[in-house]
Amino acid sequence: MSVSAQTLQSPRHGGESVADVLRAHGVKFVFTLVGGHISPILVACEKLGIRIVDTRHEATAVFAADAVARLSGTVGVAAVTAGPGLTNTVTAVKNAQMAESPLLLIGGAAATLLQGRGALQDIDQMSLFKPLCKFCASVRTVREIVPTVRKALAIAQSGTPGPVFIEFPIDTLYPYHVVEKEFAPKNTPKGLMGKIIAWYLQNHLSNLFAGAWETCDLSPLSVHIPHATENEVQRCVELVSRAKKPVILLGSQATLPPTPADDVRKALESLGIPCFLGGMSRGMLGKNSPLHIRQNRRDALKEADLVLLAGTVCDFRLSYGKVLNRQSKIIAVNRDRSQLLKNSDMFWKPTVAIQGDAGSFLLRLSKALKGHRCPEEWPRILKEGDTIKEKANRAKADEKTERHLNPLSVLHRVDELLAEDSILVADGGDFVGSAAYIMRPRGPIRWLDPGAFGTLGVGGGFALGAKLCRPESEVWIVYGDGSLGYSVAEFDTFTRHKVTPVIALVGNDACWSQISREQVPLLGSNVACGLAFTDYHIVADGYGGKGYLIGREDESQLDDIFKKAQKECREGKAILLNVLIGKTSFREGSISV
């Protein structure tokens, strides 16, 4: 294909085509750690008003894009350079895959002609990401950029959402004259072979840029979302209407677009069925709903005569389905067929299995059951059990630990002071596991945890993405002292970007406690589990934030310290609360594998 004279002289570059598509799809943020391979994309996005947010680690960029995807209902975008820039994202991309977050990972790559020839940072990136992503593509010509990015964005959101990856060789992103200068022979070639090579290079260059700037459709492609059939909904209506002790287990999928979370909440309230909430559905029913049951889930499932798994998976979180009563009727709804039926060949059997969207299913179920409500005695009994268990937990919070502060007491105090619009980011093991029982998100998608992969290190990125999406909200990261080490450097990011102040609550017990609790009694050694009561608050100060050291001597002033931290955060300061905590028996018996 030939290249027009206009293209030969044009200063335009492929990065502009990427930015055009992103803007047309409503993308507001691109998270990155800069590299020469991707510079044209970053510069073009900034010119179009897409905010470029640079982090201190590539994994953080992907975690931030993941949070944006969850909170905004659109695709989160991260762009990183070739080779090690991309390999640094692998864990974060896998986490997004398992959490079903729609995100686009943009990766730089060696020039098309130089791949496999020892170019800087050149590796087989496609093989690396194909197992992790719904869609992978390597752009080979400039004219492919627009249709490839449009396709990737649609696939990320269709069916079961997830990550997609596009590799951009460096010669598809820079202007023609720059690329030509790089590939053109420095001297006039001599001999037949020299002329053949010169011809080949010119032909390759012509094909690379042919049709580069022709007018293209930038608009979003249609997104496919599976839905339950009318027959499936009707069968479930009959099952629910006959149930005396139904229970709903709500997972993160119930918060996915296109159904607004507030509509899902109204549907649940109309049904009147007691609910256990997990993942991003935590907070779906508000702070103190009579239908939200937080404790004694195993006992409730033993008694239930019907269980509705709305986006909830029978993996380790439900003991692979073993906690379900074999006498119960079970309705399972999930967009992903493999997740829908996970372990149904061994430990449980669905009465009705629906491959479809959980949120819209609940709305249709509620509408069809209008006027019918679950017998009121059943949720009342479960709520009474909740109250008893939470009183016992509160009593544990009042116990004195051998040294430092009782972590349960600290968490209760913070929970009582949380603003109604607060977003909680969970990043850690033992301290965060306790927080999941105590802290109450006030609304849906106000609790962000890694999801099924159980990844440590999400804190900095999740908080960054959350604060950008919800600048008016108070964003708290609940860290263990172990997990803090992964992203404490992002306090520099919070400070540099000014409008992203967050509050980090660090439970510092100088230990990887979730592992130590089992390792010591089972194997007789605390090897590799010990940390130190490190001055993390000074690290935050060094990055431009504000750190506080909080110990037992501060117990009577805890509320005042937390309120001061909230005030300083509102004034634009990123805060780290380094809370020295002791040991309790609260989570004895919990497992870490």
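Being a predicted model, the structure only gives us computed values, none of them experimental.

A.B. asks: Got a sec to walk through the nonpolar core? Specific residues and values, please.
C.D. replies: The biggest cluster of nonpolar side chains holds 52 residues, and the ones touching the most others in it are Leu-250, Leu-268, Leu-308, Leu-309, Ile-331, Phe-361 and Leu-365. By size, the runner-up hydrophobic cluster in this structure holds 51 residues, among which are Phe-29, Ala-64, Phe-462 and Leu-464.

A.B. asks: Could you give an account of a nonpolar patch on the surface, naming the residues involved and the relevant values?
C.D. replies: Residues Leu-192, Met-193, Ile-196 and Ile-197 make up a contiguous nonpolar surface patch of roughly 420 Å² in combined accessible area. On the secondary structure map, Ile-197 appears in helix α10 (residues 191–209). Here Ile-197 falls in the partly exposed class, since its relative accessible area comes to 44%.

A.B. asks: Talk me through the pairing of strand β1 (residues 29–33); I want residue IDs and the actual numbers.
C.D. replies: β1 sits mainly inside the fold: four of its five residues count as buried. Taken together, the four bridges between β1 and strand β2 (residues 51–54) define a ladder with parallel strand orientation. From the neighbouring strand, Thr-32 faces β2, where its bridge partner is Asp-54. Relative to strand β3 (residues 76–80), β1 runs parallel, the two sharing three bridges. When the sheet's bridge partners are listed, Thr-32 is paired in β3 with Ala-79.

A.B. asks: Quick rundown of the sheet that holds β1? Include the residues and the values.
C.D. replies: An order of β2-β1-β3-β4-β6-β5 is seen for the six strands of this open sheet, with the pairing classed as parallel. For this open sheet the edge positions go to β2 and β5 (135–138), each flanked by a neighbour on one side alone. Here the average twist between neighbouring strands, direction ignored, is 20 degrees. Helix α4 (residues 58–72) rests against β1, β3 and β4 (103–109) of the sheet, and its axis sits at about 165 degrees to β3. Against the sheet, helix α8 (residues 145–157) engages β4, β5 and β6 (163–169), with an angle of about 165 degrees to β6.

A.B. asks: How would you sum up α8? Please name residues and give values.
C.D. replies: Along an α-helix, residues three or four apart share an orientation, since each turn contains 3.6 residues. Between its first and last C-alpha, α8 extends 19 Å over 13 residues, near the 18 Å set by a 1.5 Å rise per residue. Turning to α8, its buried residues are Ile-145, Val-146, Thr-148, Val-149, Arg-150, Ala-152, Leu-153, Ala-154 and Ala-156. Buried residues along α8 sit in contact with α2 (14–24), β4, β5 and β6. One or two residues past the end of α8 sits Gly-159, with phi positive at roughly 55 degrees.

A.B. asks: Lay out the pairing of strand β17 (residues 575–580) in plain terms, naming residues and giving numbers.
C.D. replies: Among the six residues in β17, six count as buried, and that is most of the element. Along β17, one buried face is formed by Ile-575, Leu-577 and Val-579 and the opposite face, lined by Leu-576, Asn-578 and Leu-580, is buried too. Bridge analysis of strand β15 (residues 503–508) against β17 gives six bridges, and the strand direction is parallel. Note on β17: the bridge partner recorded for Val-506 is Asn-578. Summarising the sheet, strand β16 (residues 546–550) and β17 pair through five bridges and their orientation is parallel. Its bridge partner lying in β17, Lys-546 is registered against Ile-575. A crossover connection joins β16 to the parallel β17 through helix α24 (residues 558–570); in handedness this β-α-β unit is right-handed.

A.B. asks: Can you lay out the sheet that holds strand β13 (residues 447–448) for me, pointing to particular residues and giving the numbers?
C.D. replies: Read from one edge to the other, the open sheet built from six strands follows the order β13-β12-β14-β15-β17-β16, with strand pairing classed as parallel. Since the sheet does not close on itself, it has two edges, and those belong to β13 and β16, each with one partner. Packing against the sheet, helix α18 (residues 430–438) makes contact with β12 (423–427), β13, β14 (475–480) and β15, and its axis sits at approximately 130 degrees to β14.

A.B. asks: Go over unusual backbone geometry, please, and point to the residues and values.
C.D. replies: Cis geometry marks the peptide bond from Pro-257 to Pro-258; its omega dihedral reads 15 degrees. Note that Pro-258 resides in the loop between β7 (246–250) and α12 (261–271). Positive phi is not limited to glycine here, since Glu-100 has a value of about 60 degrees. With respect to the helices and strands, Glu-100 occurs in the loop between α6 (90–99) and β4. The phi dihedral of Ala-510 is positive, around 55 degrees, even though this residue is not glycine. Counting through the fold element by element, Ala-510 comes out in the loop between β15 and α22 (513–523).

A.B. asks: An account of a positive patch on the surface is requested, with residue identities and associated values reported.
C.D. replies: Positive charge collects at one region of the surface, where Arg-297, Arg-298, Lys-302 and Lys-322 lie side by side. Among the structural elements, Lys-302 can be located in helix α13 (residues 297–303).

A.B. asks: Could you give an account of the UniProt feature "domain: Thiamine pyrophosphate enzyme N-terminal TPP-binding" (unreviewed entry) in the chain, naming the residues involved and the relevant values?
C.D. replies: The positions UniProt marks with the feature "domain: Thiamine pyrophosphate enzyme N-terminal TPP-binding" (unreviewed entry) are residues 13–128. Helix makes up 46% of residues 13–128 and strand 18%, and the two end C-alpha atoms of the span are 27 Å apart.

A.B. asks: Before we move on, could you go through the UniProt feature "domain: Thiamine pyrophosphate enzyme central" (unreviewed entry) in the chain and cite the residues and values that matter?
C.D. replies: The UniProt feature table records "domain: Thiamine pyrophosphate enzyme central" (unreviewed entry) at residues 233–364. Annotated as residues 233–364, this span is 30% helix and 17% strand, and its ends, taken at the C-alpha atoms, are 7 Å apart.

A.B. asks: Account for the side chain of Asp-66, with residues named and values stated.
C.D. replies: With respect to the helices and strands, Asp-66 occurs in helix α4. A relative accessible area of 0% means that Asp-66 is categorised as buried. Apart from residues no more than four positions distant in its own chain, Asp-66 is found in contact with Asn-95, Ala-96, Ser-101, Leu-103 and Phe-462.

Conventions we followed
- Residues numbered from 1 in each chain as written.
- Predicted model: local features only at pLDDT ≥ 70, side-chain atom pairs only at ≥ 80, totals over all residues.
- Heavy atoms only, no water.
- Core = buried A, V, L, I, M, F, W, Y, C linked by side-chain atoms within 4.5 Å.
- Buried < 20%, exposed > 50% of the residue type's maximum accessible area, 1.4 Å probe, protein only.
- Patch = residues over 30% accessible without salt bridge, like charges linked within 9 Å, V, L, I, M, F, W, Y side chains within 5 Å.
- Areas by Shrake-Rupley, 256 points an atom, 1.4 Å probe, with all protein chains shown as cover.
- Salt bridge = Lys/Arg side-chain N within 4 Å of Asp/Glu carboxyl O.
- Helix = DSSP H or I, 4+ residues; strand = E, 2+ residues; numbered from the N terminus.
- Pairing = 2+ DSSP bridges.
- Axes fitted to C-alpha atoms, helices over the stretch in contact; angles between N-to-C directions.
- Contact = heavy atoms within 4.5 Å.
- Expected span 1.5 Å × (residues − 1).
- Right-handed = clockwise from strand over helix to strand, strands pointing away.
- Lys, Arg positive; Asp, Glu negative; His and termini not counted.
- Charge placed at Lys NZ, Arg CZ, Asp CG, Glu CD.
- UniProt positions renumbered as here; feature names shortened; annotations may be inferred.

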